[in-house]
Amino acid sequence: MDVVKVLHMNADNREFSYANNSILQKTVILKARKILEDTIKDYGSNGFPECFKVADLGCSSGPNALLFVTNMVDNVHALCQQENLKAPDEFQVFLNDLPSNDFNAVFRMIPPFYSKLENERGGENSVNCFICGVPGSFYTRLFPSNSLHFVHSSYSVHWLSQVPENLLDNNKGNIYMAKESPPSVFEAYFNQFKTDFTTFLRKRSKEIISNGRLVLALLGRSIADPTSKDCCYLFGLLAKSLEDLSAEGLVNEEDINSFNLPVYNPCIDELKAIIESEGTFSLDKLETIEVNWDMRDENEKIKSEKSSGKIMAKTVRAVLEPLLGTHFGYTCMDKLFERYAIHVTEHLSQEETNYFNIVISLTRKCK
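First, a word on what this report is: a plain description of the structure on this page. Given the structure is predicted, the values throughout are model-derived calculations rather than measurements. (Residues numbered from 1 in each chain as written. Predicted model: local features only at pLDDT ≥ 70, side-chain atom pairs only at ≥ 80, totals over all residues. Heavy atoms only, no water.)

## Considerations on unusual backbone geometry
Trans peptide bonds make up the majority, and among non-glycine residues the majority have a negative phi. To keep it simple, the criterion reads: In DSSP terms, a helix is any run of H or I states spanning at least four residues, a strand is any run of E spanning at least two, and both are numbered starting from the N terminus. Burial classes follow relative accessibility: with a 1.4 Å probe on protein chains only, a residue under 20% of its type's maximum area counts as buried, one over 50% as exposed, and anything between as partly exposed.
Look at S60: it is not a glycine, yet its phi comes out positive at around 60°. Looking at the element boundaries, S60 is found in the loop between β1 (51–57) and α4 (67–83). S60 gets classed as buried once you look at its relative accessible area, which sits at 5%. One non-glycine residue, Y155, lies in positive phi territory at about 60°. Tracing the sequence through the fold places Y155 in the loop between β4 (148–154) and α6 (183–207).

The following block contains the structure:
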């Protein structure tokens, strides 16, 4: 699997698009606002540059793509008013994702975004914000040396640059780490994440100025055990759904055995160890955010005719359908996620399960 070519969220504005099924990701961004606000406040304590240069890595598409930009601009101006600081004259914002991302949808949102900024902050508080797209993998260099003041990434760094090697004969019947997986599978996944996250930090260390900031939010797990329900349940139920289709002759067993997801849910200690080992960033803040698989409140559940499983199936489908469809064929996707919705509903009727998210704030050490 060529992850760079295949990995992208479902495009457009259809029923199963990411634009219409990314409430989870929005929830995490909103819940992480405090750590973003604190990081901006700490960075800006000595003032902001005339042109504040920021990047959002893994911006994807849909309404979330500009949510960070809104939060960042609001936080900077609020801080400057509170502390009587001079606000940046200009904001230069780079939105990055893989080339297969629906950048056209993102670009269509920019003119209305500019208009909203002008309406909300006209006159003396007018904001000069310049946004551009930067296609490419964040496991490579994306920007000139010492060119960025602030980098943000939400729900992206848990994606690996490639499927870990040597899984084909060792993880049969699974599509990710599972309780049944041998130790070599857990080791392969961790080693790939360690390599990728180290690479990510090293690339950013070249691009971010001394004392620049890096804020990351990613899916993780709450304990060291890699078979933790924080990560295994989500994809284990999807593997179970694929097995259902195999039993019905809709999917080949060999295709299941040859498919593994390029994702990793690290625990806190793993993240800390890699950051310390890489050495160019200091860890300032670390917080965890838990979000229920069914993100609706009780009133919404009562009013809605949709089961928890159906809602979650749409969320997962918006993210994983391009990967699954490329490997198994798109004709079985409706059936696959129908089965997935059933399995999730059954699971949630017996046990409440959460997405475990880790948010970290880093400072680029002096060079």
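## With respect to the side chain of S137
Stated formally: For this analysis, a polar contact is any N or O atom pair within 3.5 Å, provided that within protein one partner can donate a hydrogen and the other can accept it, and provided that sequence-adjacent residues contribute only side-chain to side-chain pairs.
Structurally, the position occupied by S137 is in the loop between β3 (128–135) and β4. Of the polar contacts made by the side chain of S137, one reaches the backbone nitrogen of Y139; its length is 3.1 Å.

## Points about the pairing of β4
Look at any regular strand and the pattern is simple: side chains alternate between the two faces of the sheet. Here is the rule: Two strands form a pair only when DSSP identifies at least two bridges running between them.
Taking burial as the measure, the 7 residues of β4 include 7 buried ones, the bulk of the element. Here 3 bridges tie β1 to β4, and the two strands are oriented parallel to one another. When the bridges of β4 are listed, A55 appears paired with V151. Bridging between β4 and strand β5 (residues 208–219) involves 6 bridges; their strand directions are parallel.

## As for empty space enclosed by the protein
Picture a little ball the size of a water molecule; that probe, rolled over the atoms, points out where space is still empty. Applicable threshold: In this analysis, the protein atoms alone were mapped onto a 1 Å grid. Cavities are point sets where a 1.4 Å probe fits without being able to get out; pockets are open sets with protein on both sides within 12 Å along at least five of seven lines; lining residues have an atom within 4 Å of a point. Grid points are joined across faces, edges and corners, and a volume is the space filled by probe spheres set on the points.
As enumerated under the stated definition, the model contains 3 cavities of 30 Å³ or more in all. Its boundaries defined by the atoms lining it, the second largest cavity holds a volume of some 90 Å³. Around the second largest cavity, the lining is made up of 13 residues, and of these I29, A32, L36, H152 and V215 lie nearest the centre. If you list the elements that add at least two residues to the lining of the second largest cavity, you get α3 (33–43), α4, β4 and β5.

In short, the description is geometric, and any link to function would need to be established separately.
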